[in-house]
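Listed below are the residues making up each chain.
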Amino acid sequence: MHAFQFQVQFQNRSTMLCPRVGQAVRATGLVRLQARHIITPATPGSSVHATRTGVSMFHAFPRMASGPRAVTSIHAFLLPTLKQQCACLGTATSALARVRTARNRNAKAEETVAPTTSTQSQYLKSKDDEDNSLDARLDRSQLATLDDKPTQKYVAKVFREAGSTVGVATAAAVGSMVTGLMVSPFIPMLAGLVPLFMFYQTAPGTHSTAYRYGLVGTFAALQGMSIAPLVSVALAVNPMLIPMALGGTVLVFGGASLAALLAPRQSMLRFGTILGGASAVLFGFSLLAIGQYTFMGAVSPIFFNFTLYGGLALMCAFVGYDTHRIIEDYKENSPDPLRHGMDVFVNFIGIFRRLLYILLMRDE
């Protein structure tokens, strides 16, 4: 607040009134004054006006005598009103102070909240960056479940079982080609469904190990016999097709397994029903192709391409699904290395058969 001084001049005499007269008059709105304005009556007995403001006061002085009595009359006229206005001014000043205090408090709160919000945004952004980092993704992936030795040993045992089954199928294929006991590939392929179905009805606690191994060996031998004619044709066309198909199978199988390991944990297990339905559709198309070949001597390109390329994509999807299921079954205390090894073998032989077909068609 500005300090005002009111000076009244009358007939070449002046006197100082209340030092806060200017503030009081300004608060009442009677005049708009600035510091050290002089109130001077225009003529004796006329209404008082503020010089340099052009706004007249609303009160008029009564006609006064000249000399000191005039000053006394002015005091008697102004002081009661000025006391009331000073009281009102004090109340208004207190209210204004409270408003300013509240404004300052809100401004400080906004200044405090702004950095807090900014800091929170930066924290959330950094947290998102951490969640999307390579280490965070690896921690959430299926690969993180292989950090303990028992799980690693179990997975190695499963692949040893699958490797043994591949060895049995290879021996059966070589024996068929050497002895010349090769039959139509459809016969051992369909016959192999019997031991496969019987094997999946067994469990380690309900059936003997010898019985289960017998079913696995029978299925592997029949699969080897079914693939022997295709291998024989490939060797006649280009002997390098066999190692190329075998190397391609290893790469595709390894790539699908690695992709499954880098995927979030158990994310592939939800596709089990979809993959089962797709397998049923593929099996139906395969039966239609076999029937068409048996009765017509040729297979429709639609059936052939669907079973070839669609089957290859389905086998790759099954590799990812089985990778997750092998690990999760072990984590849930239901290990069955022989069953899991059979799953790996079925995927491997399915990919190898289809890649060999594709390479053979390319060379022909």
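This text gives an overview of the structure that appears in the document. (Residues numbered from 1 in each chain as written. Predicted model: local features only at pLDDT ≥ 70, side-chain atom pairs only at ≥ 80, totals over all residues. Heavy atoms only, no water.)

### What about the overall build of the protein chain?
For step 1, the next point in the chain: For the protein chain, the helix and strand inventory stands at 11 helices and 4 strands.
For step 2, the next point in the chain: Expressed as a percentage of the 364 residues in the protein chain, the buried residues total 34%.
For step 3, the next point in the chain: Put simply, the protein chain shows about 21100 Å² of open surface, and 63% of that area lies on carbon and sulfur atoms. (Helix = DSSP H or I, 4+ residues; strand = E, 2+ residues; numbered from the N terminus. Buried < 20%, exposed > 50% of the residue type's maximum accessible area, 1.4 Å probe, protein only. Areas by Shrake-Rupley, 256 points an atom, 1.4 Å probe, with all protein chains shown as cover.)

### Description of a nonpolar patch on the surface
For step 1, the next point in the chain: Side chains of Leu190, Leu193, Phe283 and Leu287 sit close together on the surface and give an oily, nonpolar patch of about 310 Å² of accessible area.
For step 2, the next point in the chain: You can see phenylalanine 283 is positioned in helix H9 (residues 272-296).
For step 3, the next point in the chain: Its relative accessible area of 39% is what places phenylalanine 283 among the partly exposed residues. (Patch = residues over 30% accessible without salt bridge, like charges linked within 9 Å, V, L, I, M, F, W, Y side chains within 5 Å. Salt bridge = Lys/Arg side-chain N within 4 Å of Asp/Glu carboxyl O.)

### Comments concerning helix H11 (residues 337-363)
Because an α-helix packs 3.6 residues into every turn, residues spaced three or four apart end up facing the same way.
For step 1, the next point in the chain: Compared with the 39 Å implied by 1.5 Å per residue over 27 residues, the 39 Å span of H11 between its first and last C-alpha is a close match.
For step 2, the next point in the chain: When you tally the buried positions in H11, you get 20 out of 27 residues, the bulk of the element. (Expected span 1.5 Å × (residues − 1).)

### So, the packing of aromatic side chains
Ring pairs (aromatic) are described by centroid distance and by the angle formed between their planes.
For step 1, the next point in the chain: Summed over the entire model, instances satisfying the criterion amount to 10 aromatic pairs.
For step 2, the next point in the chain: Each ring, one from phenylalanine 285 and one from phenylalanine 306, has its centre 4.4 Å from the other, and the planes form 40°; the classification is tilted. Of this pair, phenylalanine 285 sits in helix H9 while phenylalanine 306 sits in helix H10 (residues 301-331), and the two are 21 residues apart along the sequence.
For step 3, the next point in the chain: You can call phenylalanine 285 partly exposed: its relative accessible area is 25%.
For step 4, the next point in the chain: Residue phenylalanine 306 is classed as partly exposed on the basis of its relative accessible area of 35%.
For step 5, the next point in the chain: These aromatic residues form a ring-pair network of at least three members: Phe159, Phe253 and Phe348. (Phe/Tyr/Trp six-rings, centres within 6.5 Å; stacked < 30°, edge-to-face > 60°.)

### Details of the pattern of salt bridges
For step 1, the next point in the chain: This structure, assessed with the given rule, holds 5 salt bridges.
For step 2, the next point in the chain: The residue aspartate 336 makes a salt bridge to arginine 212 at a minimum N-O spacing of 2.8 Å. In this pair, aspartate 336 is assigned in the loop between H10 and H11 and arginine 212 in helix H7 (residues 209-237), connecting sequence segments 124 residues apart.
For step 3, the next point in the chain: Residue classification places arginine 212 among the buried positions, given a relative accessible area of 4%.
For step 4, the next point in the chain: The network of salt bridges with shared partners includes Asp322, Arg325 and Asp343.

### Regarding the environment of leucine 359
For step 1, the next point in the chain: You can see leucine 359 is positioned in helix H11.
For step 2, the next point in the chain: With a relative accessible area of 15%, leucine 359 lands in the buried category.
For step 3, the next point in the chain: Separated by 121 residues in the primary sequence, leucine 359 and asparagine 238 have C-alpha atoms spaced 9.8 Å apart.
For step 4, the next point in the chain: Setting aside anything within four residues of it in sequence, one finds leucine 359 in contact with Leu241, Met244 and Ala245. (Contact = heavy atoms within 4.5 Å.)

### Thoughts on the packing of helix H4 (residues 149-179) against H10
For step 1, the next point in the chain: Closest axis-to-axis distance for the H4/H10 pair is 10 Å, and the angle between their directions is 130°. When the axes of H4 and H10 are compared, the pair comes out oblique. Classified by chirality, the crossing of H10 by H4 is right-handed. Residue-level contacts link Pro150, Thr151, Tyr154, Val155 and Val158 of H4 to Ile326, Ile327, Tyr330 and Lys331 of H10.
For step 2, the next point in the chain: When grouped by side-chain class, the residues that make up the contact of H4 with H10 number 7 nonpolar, 1 polar and 1 charged. (Axes fitted to C-alpha atoms, helices over the stretch in contact; angles between N-to-C directions. Parallel < 35°, antiparallel > 145°, perpendicular 65-115°, else oblique. Left-handed = near helix turned anticlockwise from the far one by under 90°. Nonpolar A, V, L, I, M, F, W, Y, C, P; charged D, E, K, R; others polar.)

### What about the packing of H7 against H11?
When two helices pack together, you describe them by how their axes are tilted relative to each other and by the distance separating the axes.
For step 1, the next point in the chain: Running from amino to carboxyl end, H7 crosses H11 at an angle of 10°, the nearest separation of the two axes being 11 Å. The angle between the axes of H7 and H11 places the two elements in the roughly parallel class.
For step 2, the next point in the chain: Partitioned by chemical class, the residues of the contact of H7 with H11 number 19 nonpolar, 2 polar and 4 charged.

### Overview of the environment of alanine 144
For step 1, the next point in the chain: Position of alanine 144 among the secondary structure elements: in the loop between helix H3 (134-140) and H4.
For step 2, the next point in the chain: Classification of alanine 144 as partly exposed rests on a relative accessible area of 26%.
For step 3, the next point in the chain: Sequence spacing of alanine 144 and proline 264 is 120 residues, and the spatial spacing of their C-alpha atoms is 9.5 Å.
For step 4, the next point in the chain: The residues contacting alanine 144, other than those within four sequence positions of it, are Leu138 and Asp139.

### Thoughts on unusual backbone geometry
For step 1, the next point in the chain: For glutamine 266, which is not glycine, the phi torsion reads 65° and is therefore positive.
For step 2, the next point in the chain: Within the secondary structure layout, glutamine 266 lies in the loop between helix H8 (241-262) and H9.
For step 3, the next point in the chain: Residue classification places glutamine 266 among the partly exposed positions, given a relative accessible area of 37%.

### Observations concerning the side chain of glutamine 223
For step 1, the next point in the chain: Looking at where glutamine 223 falls in the secondary structure, it is placed in helix H7.
For step 2, the next point in the chain: Residue classification places glutamine 223 among the buried residues on the basis of a relative accessible area of 7%.
For step 3, the next point in the chain: Excluding its chain neighbours within four sequence positions, the residues that come into contact with glutamine 223 are Met189, Phe345, Ile349 and Arg353.

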